[in-house]
Amino acid sequence: MFENDLFPASLTPEAIGFDAIRLVGPTFFAIYPSAQDLRRIVEWQNRIFRQLDLSDVDPRPREVLHVSVAECGKPKQQRQPLDVALKAAAERFSYPSFELTLEAIACFGANRALVAVADTAGTRDVHGLRLALADAQKPFGLVGSREMGTPHLTLGYSDTLSTERQQVDPISFRVEAVDLVLSNVGHTEHLHQARWPLS
């Protein structure tokens, strides 16, 4: 009877306080396609699954399809509450919008996750976005990642995936914002905390 007492309402900033949010679950910045682009991506995902006979892959719910950019900055000499620091960082944040193209599929995490991987230009832009997020947070005592990563969108999971990377018909969408989200662990749910527009 107590199963749902903590989820999802207790994960809102109003319920537990913004500073406690990052202690509850992963808090990170991510790119979410617009509603119109999401429809196209889901259609593309279904087409790829059919073309490559990936019927054994358990697809991710469309509501959580995203490209992770970076974790929320870690507190180092943070002098303000997290919500105040992040609002100030958001005002300082600046990065131009860009086109993100997914051009291949690969397997991550011991061949369990099927992911769509960004092309070279998209990889460069997502890394630039990561650096801009880190730069915006730094003056307010939050240290963000500056490491180079492999931008990807997780399409689904399976225990029988091939380890080979495969080129597929590319799909592109415009990135015009990055969202700060909390992952409600175990519930396949992302709770959106803030949206930082790109210029």
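Quantities reported herein were computed from a predicted structural model and do not represent experimental measurements.

Another aspect to go through is the overall build of the protein. Each helix and strand in the protein was counted, giving five helices and eleven strands. Of all 199 residues assigned to the protein, the portion counted as buried reaches 47%. Long-range contacts, defined as pairs at least 24 residues apart, comprise 78% of the intrachain contacts of the protein with a sequence gap of at least 6. For the protein, the computed accessible surface area is about 10,700 Å², with 50% contributed by carbon and sulfur atoms.

What follows concerns the nonpolar core. With 46 residues, the main nonpolar core has Ile 31, Phe 93 and Leu 129 as its most contacted residues. The element that contributes the greatest number of residues to this core is helix H3 (residues 35–51), accounting for six residues. Among all residues touching Ile 31, those that are not within four sequence positions of it are His 66, Val 67, Val 69, Phe 98, Leu 100, Val 126, Leu 129, Phe 173, Val 175 and Ala 177.

A word on helix H4 (residues 82–92). If you check which residues of H4 are buried, you get Leu 82, Ala 85, Leu 86, Ala 88 and Ala 89. Buried residues of H4, viewed axially, fall in a sector of 160°; they line one side. Exposed residues lying more than 90 degrees from the buried face of H4 are Lys 87 and Glu 91.

Quick look at the confidence of the model for the protein now. One rule of thumb: low pLDDT means the predicted coordinates there are not for detailed reading. Taken residue by residue, the protein gives an average pLDDT of 87. The fraction at 70 or more is 84%. Per-residue pLDDT, averaged within each element of the protein, yields its smallest value for helix H1 (residues 13–16) (50) and its largest for helix H5 (residues 120–137) (98). For the stretch residues 1–8, pLDDT sits under 50, and the model shows seven contacts to residues farther than four places along the chain or on other chains.

What follows concerns the environment of Pro 33. Mapped onto the elements, Pro 33 comes out in the loop between strand S1 (27–31) and H3. Judged by relative accessible area, Pro 33 falls into the buried class, the value being 12%. Along the primary structure Pro 33 and Val 178 are separated by 145 residues, whereas in three dimensions their C-alpha atoms are 9.9 Å apart. Once residues lying within four places of it in the same chain are set aside, the contact partners of Pro 33 are Leu 38, Ile 41, Leu 65 and Phe 173.

So, about the pattern of salt bridges. Considering all chains together, one arrives at six salt bridges under this definition. With a shortest N-O distance of 3.4 Å, Arg 174 and Glu 99 are connected by a salt bridge. Of this pair, Arg 174 sits in strand S9 (residues 166–175) while Glu 99 sits in strand S5 (residues 98–108); the two residues are 75 residues apart in sequence, bridging distant segments of the chain. With a relative accessible area of 38%, Arg 174 lands in the partly exposed category. Taking the shortest distance from any N to any O, the salt bridge between Arg 146 and Asp 135 comes out at 2.7 Å. One end of the pair, Arg 146, is in the loop between strand S7 (142–143) and strand S8 (152–157); the other, Asp 135, is in helix H5, and eleven residues separate them in sequence. Under the relative-accessibility criterion, Asp 135 is labelled partly exposed at 39%.

A word on the side chain of Ser 158. The residue Ser 158 is located in the loop between S8 and S9 in this model. The class for Ser 158 is buried, based on a relative accessible area of 5%. Among the polar contacts made by the side chain of Ser 158, one reaches the side chain of Asp 56 at a distance of 3.2 Å.

Turning our eyes to something else, we now look at the environment of Leu 153. Of note, Leu 153 is situated in strand S8. In contact with Leu 153, not counting residues within four places along its chain, are Leu 65, His 66, Val 67, Leu 102, Leu 114, Val 115 and Ala 116.

Conventions and cut-offs
Residues numbered from 1 in each chain as written. Predicted model: local features only at pLDDT ≥ 70, side-chain atom pairs only at ≥ 80, totals over all residues. Heavy atoms only, no water. Helix = DSSP H or I, 4+ residues; strand = E, 2+ residues; numbered from the N terminus. Buried < 20%, exposed > 50% of the residue type's maximum accessible area, 1.4 Å probe, protein only. Contact = heavy atoms within 4.5 Å. Areas by Shrake-Rupley, 256 points an atom, 1.4 Å probe, with all protein chains shown as cover. Core = buried A, V, L, I, M, F, W, Y, C linked by side-chain atoms within 4.5 Å. Arc of directions from axis to C-beta. pLDDT = per-residue confidence, 0-100. Salt bridge = Lys/Arg side-chain N within 4 Å of Asp/Glu carboxyl O. Polar contact = N/O pair within 3.5 Å; in protein donor to acceptor, adjacent residues only side chain to side chain.

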